[in-house]
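Read off the chains here:
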Amino acid sequence: MDWYFIIFSAVKIAVVIGMVLTMVAYSVLAERKISAWIQDRVGPNRCAPPFLKYIPGGQFLTRLGIFQPMADGLKAFLKEDFMPAGVRKVYFWLAPAVAMVPALLAVAVIPFGSSLGGQKMVIADLNVGILYTFGIVSLGVYGIVLAGYAANSKYPFLGGIRSSAQMISYEISMGMSVIPVLLIAGNLNLSQIVAWQGTHGWLVLYAPLSFVIFLVAAFAETNRTPFDLPEAETELVGGYHTEYSSMKFALFFLGEYSNMIGSSSMMVTLFFGGWSLPFWGLDHPATTLVAGIAHILVFIAKMLLFMVLFIWVRWMFPRFRYDQLMDLGWRRFLPLALANILVTAIWLWFTSSK
Amino acid sequence: MIVDRKPLNFWEKLYLPAIIGGLKVTLKHAYATLIQRKVVTMEYPEQKWTLPTGYRGAPYLVKDQDNNTKCVSCQLCEFVCPPKAIRITPPGDTGAKADRTNAEKMPAEFEINMLRCIFCGFCQEVCPEEAIFLQQNYSLIGLSRKEMIYDKEKLLSLGGEVGGIQKWKLKLEEAKAQENFPVKV
């Protein structure tokens, strides 16, 4: 076994997990801030550490709420971890972990940069990258279903049922929507899909319909508005995490945001050229350190744009009704995705048969 | 009642007009908040709203223009107080005499439990000496329950000064009005 491989992989895992968790914490802040701006409010602007005066621009950062995630995290740890009587204990403990872990695992195959110092900037360069992601992401539903089942209470139960139906329905459309991408790029390896996009142009130009379906399905998969039926606060109190408190609740929360990060990175990787940019010579794998870092920054910037879109949409649309949701999933997107596969396949057949 | 719903046309069924409309509205609001600084939030401890006259805040005891305690320990407010927030200890035979000349006595101790007070204003209404007023303070802070029981010194120092005893003037006006009524021929 190659020791360098193990060491570098461990370093990459640590850095990526750290980055993802930091981004999760700050996307919660972004959610609060953006919602505030959309609703004519100011949002969190009070949290400040006691050594604020030693931080340059501390007042401004406080107004931005930069220190809020630390307080939120601390609060989540210090709150009482209450377990209602009558819950199914094993599943009750298991559910938050099952919700959180797949969300983090899905990031493993995402190429977040081309190469840095000879190292490929992806934790696991799998040849079946997309299949792995779909497999792992579909595990996420178990966390929610288990939470709904274990809580032994009506609202979580309804949330769990809704979520299982919703996620299963939209997973099909999502999977179908990606097939044209695979047909065009001719590969399942995410790194090579990105490399293909570097030379041929972004896949969103080749398969815009796929992107639209994938985007909507991603919203449904991550339980975000307008598909947030599993946690519909106005109907189900809190949905599947009604009975959870303290860090267990926070894990569901973090899981949702990690899922958003995962979906955003998937969209960037599949449709928006991953780390590549069509100008400034950033469209081919990096050979210098500067270009490597630039690629990582490009990827993060693209991903953050999608995160903002996720958050923005939440404060824009009302929730779908359950039958509308099912109608949209099964009767609109699934046929569309199938037709999309067919059309792409025929087009590829005609263009390649010359 | 059956609500008549128009069937959506194809364009509307795509949800696109609604999506674009939503984007526009939210962007407009975000622009107004971020760039034009039109925020509806009032950041409380720094900014405070102006209270209307007659606002019923916390009840405090007041002093007259000669810095004397106005309260004469009649205990009417204690009696009328609905949540029993007021407790007055009368001076008794041995207690201190009243500060001012035309009063018989003043309370040895006057306590208002601000945790019980409901800011109804009955004490102010019932007071014959105009010694207690509901003032503008609504933000009462303490670290313990004991701290929230305000004693006489605290109430007097918070209450400030309302000079002159207006009730005799009012009584005089009332009497004069009565003398002139019914109109003498």
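Residues numbered from 1 in each chain as written. Chains lettered and ligands numbered in written order. Predicted model: local features only at pLDDT ≥ 70, side-chain atom pairs only at ≥ 80, totals over all residues. Heavy atoms only, no water.

Draft legend 1. The arrangement of the overall build of chain B in detail. If you tally the helices and strands in chain B, you get six helices and five strands. For a compact globule of 185 residues, the expected C-alpha radius of gyration is about 16 Å, and chain B comes in at 28 Å, more than 25% above that figure. Counting only C-alpha atoms, chain B reaches 90 × 65 × 40 Å along its principal axes. Buried positions account for 30% of the 185 residues belonging to chain B. The long-range fraction of contacts in chain B, counting pairs at least 24 apart against all pairs at least 6 apart in sequence, stands at 74%. Per element, the accessible surface of chain B, about 13400 Å² overall, is 58% carbon and sulfur. In chain B, 26 positive and 22 negative side-chain charges are present, and the distance between their average locations comes to 10 Å. (Helix = DSSP H or I, 4+ residues; strand = E, 2+ residues; numbered from the N terminus. Rg over C-alpha atoms; globule rule 2.2 N^0.38 Å. Buried < 20%, exposed > 50% of the residue type's maximum accessible area, 1.4 Å probe, protein only. Contact = heavy atoms within 4.5 Å. Areas by Shrake-Rupley, 256 points an atom, 1.4 Å probe, with all protein chains shown as cover. Lys, Arg positive; Asp, Glu negative; His and termini not counted. Charge placed at Lys NZ, Arg CZ, Asp CG, Glu CD.)

Draft legend 2. Layout of the overall build of chain A. Each helix and strand in chain A was counted, giving 13 helices and two strands. On C-alpha atoms alone, chain A measures out to a radius of gyration of 21 Å, which is about the 20 Å that the 2.2 N^0.38 rule sets for 354 residues. Along the first, second and third principal axes, the C-alpha atoms of chain A reach 70 × 55 × 50 Å. Here chain A holds 354 residues, and 51% of them are scored as buried. Restricting to contacts in chain A with at least 6 residues of sequence separation, those with at least 24 account for 76%. Surface summary for chain A: the accessible area is close to 16600 Å², and the carbon and sulfur share equals 73%. Separation of charge centres in chain A, based on 23 positive and 18 negative side chains, amounts to 4 Å.

Draft legend 3. Representation of the side chain of Thr-133 of chain A in the model. All names here are of chain A. Note that Thr-133 resides in helix 5 (residues 129-150). A distance of 2.8 Å separates a polar side-chain atom of Thr-133 from the backbone oxygen of Gly-129. Non-local contacts of Thr-133, meaning those with residues more than four positions away in its chain, are made with Ala-106, Val-109, Leu-190 and Met-266. (Polar contact = N/O pair within 3.5 Å; in protein donor to acceptor, adjacent residues only side chain to side chain.)

Draft legend 4. Fine view of the domain arrangement of chain A. Assigned domains of chain A: these are domain 1 (45-78) and domain 2 (86-352). Relative to domain 2 of chain A, the C-alpha centre of domain 1 of chain A lies at a distance of 31 Å. (Domains from an automatic or database assignment.)

Draft legend 5. Highlighting helix 11 (residues 246-271) of chain A. Over its 26 residues, helix 11 of chain A extends 37 Å from the first C-alpha to the last, a length consistent with the 38 Å expected when each residue adds 1.5 Å. Phi turns positive, to about 75°, at Gly-273 of chain A, one or two residues after helix 11 of chain A. (Expected span 1.5 Å × (residues − 1).)

Draft legend 6. Region of interest: the pattern of salt bridges. All names here are of chain A. Applying the stated criterion across every chain yields a total of 11 salt bridges over all chains. Arg-224 serves as the salt-bridge partner of Glu-31, at 2.9 Å between the closest nitrogen and oxygen. Note that Glu-31 is positioned in helix 1 (residues 3-38) and Arg-224 in the loop between helix 9 (208-221) and helix 10 (233-236), a separation of 193 residues in sequence. The exposure classification of Glu-31 matches that of Arg-224, with both residues buried. Through salt bridges with shared partners, one network takes in Glu-31, Arg-224, Glu-256 and Arg-314. (Salt bridge = Lys/Arg side-chain N within 4 Å of Asp/Glu carboxyl O.)

Draft legend 7. Representation of empty space enclosed by the protein within the structure. Residue and element names in this part refer to chain A. Taken as a whole and assessed by the stated rule, the structure comprises four cavities of 30 Å³ or more. Taken as a whole, the largest cavity encloses approximately 170 Å³ of empty space. The wall of the largest cavity is formed by 17 residues, among which Thr-133, Val-137, Met-174, Gly-262 and Ser-263 lie closest to the centre. Broken down by secondary-structure element, the contributors of at least two residues to the lining of the largest cavity are helix 5, helix 6 (154-185), helix 9 and helix 11. The biggest single contributor to the lining of the largest cavity is helix 11, with five residues. In terms of residue class, the lining of the largest cavity is made up of nine nonpolar, seven polar and one charged. (1 Å grid on protein atoms, 1.4 Å probe; cavity = no way out; pocket = protein on both sides within 12 Å on 5 of 7 lines; lining within 4 Å. Points joined across faces, edges and corners; volume = space filled by probe spheres on them. Nonpolar A, V, L, I, M, F, W, Y, C, P; charged D, E, K, R; others polar.)

Draft legend 8. Region of interest: the nonpolar core. The biggest cluster of nonpolar side chains holds 68 residues, and the ones touching the most others in it are Tyr-170, Phe-214, Phe-227 and Leu-270 of chain A. Ranked by the residues each element gives to this core, the list is headed by helix 12 (residues 289-314) of chain A, at 10 residues. Every residue in contact with Tyr-170 of chain A, bar those within four places of it in the chain, is listed here: Val-216, Ala-217, Ala-220, Glu-221, Phe-227, Leu-325, Leu-328, Gly-329 and Phe-333 of chain A. Leu-61, Phe-110, Ile-112 and Cys-127 of chain B belong to the second largest nonpolar core, which has 23 residues in total. (Core = buried A, V, L, I, M, F, W, Y, C linked by side-chain atoms within 4.5 Å.)

Draft legend 9. Structural context of the interface of chain B and chain A. Between chain B and chain A, the residue contacts involve 18 residues of the former and 15 residues of the latter. When chain B packs against chain A, close to 1400 Å² is buried across both sides, 64% of that on carbon and sulfur atoms. Broken down residue by residue, the surface that chain B buries against chain A is led by Tyr-15, Thr-26 and Glu-43 of chain B, which jointly contribute 33%. Inspection of the region where chain B meets chain A yields three salt bridges. For Arg-46 of chain A, the salt bridge is made with Glu-43 of chain B, and the minimal N-O distance between the two is 3.1 Å. The tally of links from chain B across to chain A stands at eight residue pairs in polar contact (both at pLDDT 80 or more). Across the side of chain B that touches chain A, the residue classes tally to 10 nonpolar, five polar and three charged. (Buried area = accessible area lost by both parts, 1.4 Å probe.)

Draft legend 10. Quick look at the packing of aromatic side chains. Taken as a whole, this structure holds 22 aromatic pairs over all chains when the rule is applied. Considering the side-chain rings of Trp-202 of chain A and Phe-272 of chain A, the 5.7 Å spacing of their centres and the 65° angle between planes classify their relative orientation as edge-to-face. Of this pair, Trp-202 of chain A sits in the loop between helix 7 (190-200) and helix 8 (203-206) while Phe-272 of chain A sits in the loop between helix 11 and helix 12, and the two are 70 residues apart along the sequence. On the accessibility criterion, Trp-202 of chain A (23% relative accessible area) is partly exposed. Among the residues examined, Phe-272 of chain A registers a relative accessible area of 18% and is labelled buried. If you follow Arg-88 of chain A out to its NZ or CZ, it ends over the ring of Tyr-149 of chain A, 4.3 Å from the centre. Its guanidinium or amino end placed over the ring of Tyr-150 of chain B, Lys-154 of chain B lies 3.9 Å from that ring's centre, counting from NZ or CZ. (Phe/Tyr/Trp six-rings, centres within 6.5 Å; stacked < 30°, edge-to-face > 60°. Lys NZ or Arg CZ within 6 Å of the ring centre and 35° of its normal.)

Draft legend 11. Spotlight on the sheet that holds strand 3 (residues 109-113) of chain B. Residue and element names in this part refer to chain B. Pairing is antiparallel in the open sheet, where three strands are placed in the order 2-3-5. At either end of the open sheet lies a strand with only one pairing partner, and these are strand 2 (86-89) and strand 5 (149-150). Pairing geometry for strand 2 and strand 3, over four bridges, is antiparallel. Across the sheet, residue Ile-86 finds its bridge partner in strand 3, namely Ile-112. (Pairing = 2+ DSSP bridges.)

Draft legend 12. Geometry of the confidence of the model for chain B. Summing up the model confidence of chain B, the mean pLDDT is 85 and the portion of residues at 70 or higher is 96%. Overall fold confidence (pTM) sits at 0.79, and the ipTM for the predicted complex is 0.72. (pLDDT = per-residue confidence, 0-100.)

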